[in-house]
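Here is how the chains run, residue by residue.
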Amino acid sequence: MRLDAEFSEADLLYITSSLAGRLKPVALGKLKVGRLGNFLALVINHEFSSAAINDIAELSGLCVSEVDFLRAPLSFEERKRRTGLSPREGELFEQWGYPYVFDCFRFHMTLTAALKGEEFEIALREINHCVGEAVEEVQFIDSICVFGEPCTNNQEKLPFEL
């Protein structure tokens, strides 16, 4: 998300901090390392009750909808880079700036860049060794974080936990 020129990083942090104060912890259950397309990610490792799925969907939806008014309109370059989307993903991309939100959202925490061939097995083995028993414990989302990428005017961007 690029901030609209009329908003600052301080505005984003204020809005997300306010949102964080209204959120309740969400149980994810146990996680596992899984393959999503051409990368590896932590994904949910058990069947959820519909209440848990609804809680995760509500949390992710609020994180998108509550800050969307701060988002700059999509640029020509951003639109050009998004190819291969389903019609629904295209609608979501146009409306929210990202195609995998709301009904197209699937919880995951990306662990790798794009992988090819043998890289999957090597990365999977190493990551499973690193995460070990941690994925056997029930996990919760109890805070949200804001991360930024360096922008063209060399402003420093830092992560913030809320």
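Residues numbered from 1 in each chain as written. Predicted model: local features only at pLDDT ≥ 70, side-chain atom pairs only at ≥ 80, totals over all residues. Heavy atoms only, no water.

**As for helix 1 (residues 9–22)**
Across its 14 residues, helix 1 extends 20 Å between first and last C-alpha, which sits within 8% of the 20 Å expected from 1.5 Å per residue. For helix 1, every residue scored as buried is listed here: Leu-12, Leu-13, Ile-15, Thr-16, Leu-19 and Ala-20. For helix 1, the arc enclosing every buried residue in end-on projection is 165 degrees, short of the 170-degree limit, so these residues lie on one face. Turned more than 90 degrees away from the buried face of helix 1, the exposed residues are Ala-10, Tyr-14, Gly-21 and Arg-22. Looking at where helix 1 begins, the residue whose side-chain oxygen comes 3.2 Å from the main-chain nitrogen of Ala-10 is Ser-8. (Helix = DSSP H or I, 4+ residues; strand = E, 2+ residues; numbered from the N terminus. Expected span 1.5 Å × (residues − 1). Buried < 20%, exposed > 50% of the residue type's maximum accessible area, 1.4 Å probe, protein only. Arc of directions from axis to C-beta. Polar contact = N/O pair within 3.5 Å; in protein donor to acceptor, adjacent residues only side chain to side chain.)

**Let's talk about the packing of aromatic side chains**
Under the counting rule described, the total for this entry stands at 3 aromatic pairs. A ring pair is formed by Trp-96 and Phe-102, whose centres lie 5.0 Å apart and whose planes are at 55 degrees; its orientation type is tilted. Owing to a relative accessible area of 30%, Phe-102 belongs among the partly exposed residues under this scheme. Ring centres of Tyr-98 and Tyr-100 lie 5.5 Å apart, and the angle between their planes is 80 degrees; on these two criteria the pair is classed as edge-to-face. Against the face of Phe-120 rests Arg-35, its NZ or CZ located 3.5 Å from the ring centre. (Phe/Tyr/Trp six-rings, centres within 6.5 Å; stacked < 30°, edge-to-face > 60°. Lys NZ or Arg CZ within 6 Å of the ring centre and 35° of its normal.)

**Details of the confidence of the model for the chain**
Reading fine detail from the predicted coordinates is not recommended where pLDDT is low. In the predicted model, the chain carries a mean pLDDT of 86, and the fraction of residues at 70 or more is 88%. By mean pLDDT, the top-scoring element of the chain is helix 4 (residues 87–96) (95), and the lowest-scoring one is strand 7 (residues 160–161) (45). A low-confidence stretch, residues 154–162 (pLDDT under 50), is modelled with 23 contacts involving residues beyond four sequence positions or located in other chains. (pLDDT = per-residue confidence, 0-100. Contact = heavy atoms within 4.5 Å.)

**Here's the deal with the pattern of salt bridges**
In total, this model carries 7 salt bridges according to the counting rule given. Here Glu-94 and Arg-79 are joined by a salt bridge, their closest N and O atoms 3.0 Å apart. On the criterion of sequence distance, the pair formed by Glu-94 in helix 4 and Arg-79 in helix 3 (residues 76–81) is long-range, its members being 15 residues apart. Taken together, the shared-partner salt bridges in this structure form one network comprising Arg-88, Glu-91 and Asp-103. (Salt bridge = Lys/Arg side-chain N within 4 Å of Asp/Glu carboxyl O.)

**With respect to the environment of Glu-119**
Its location among the elements puts Glu-119 in helix 5 (residues 119–131). Along the sequence, Glu-119 and Phe-39 sit 80 residues apart, while their C-alpha atoms lie 9.8 Å from each other. Separated by 2.6 Å, the side chain of Glu-119 and the backbone nitrogen of Lys-116 make a polar contact.

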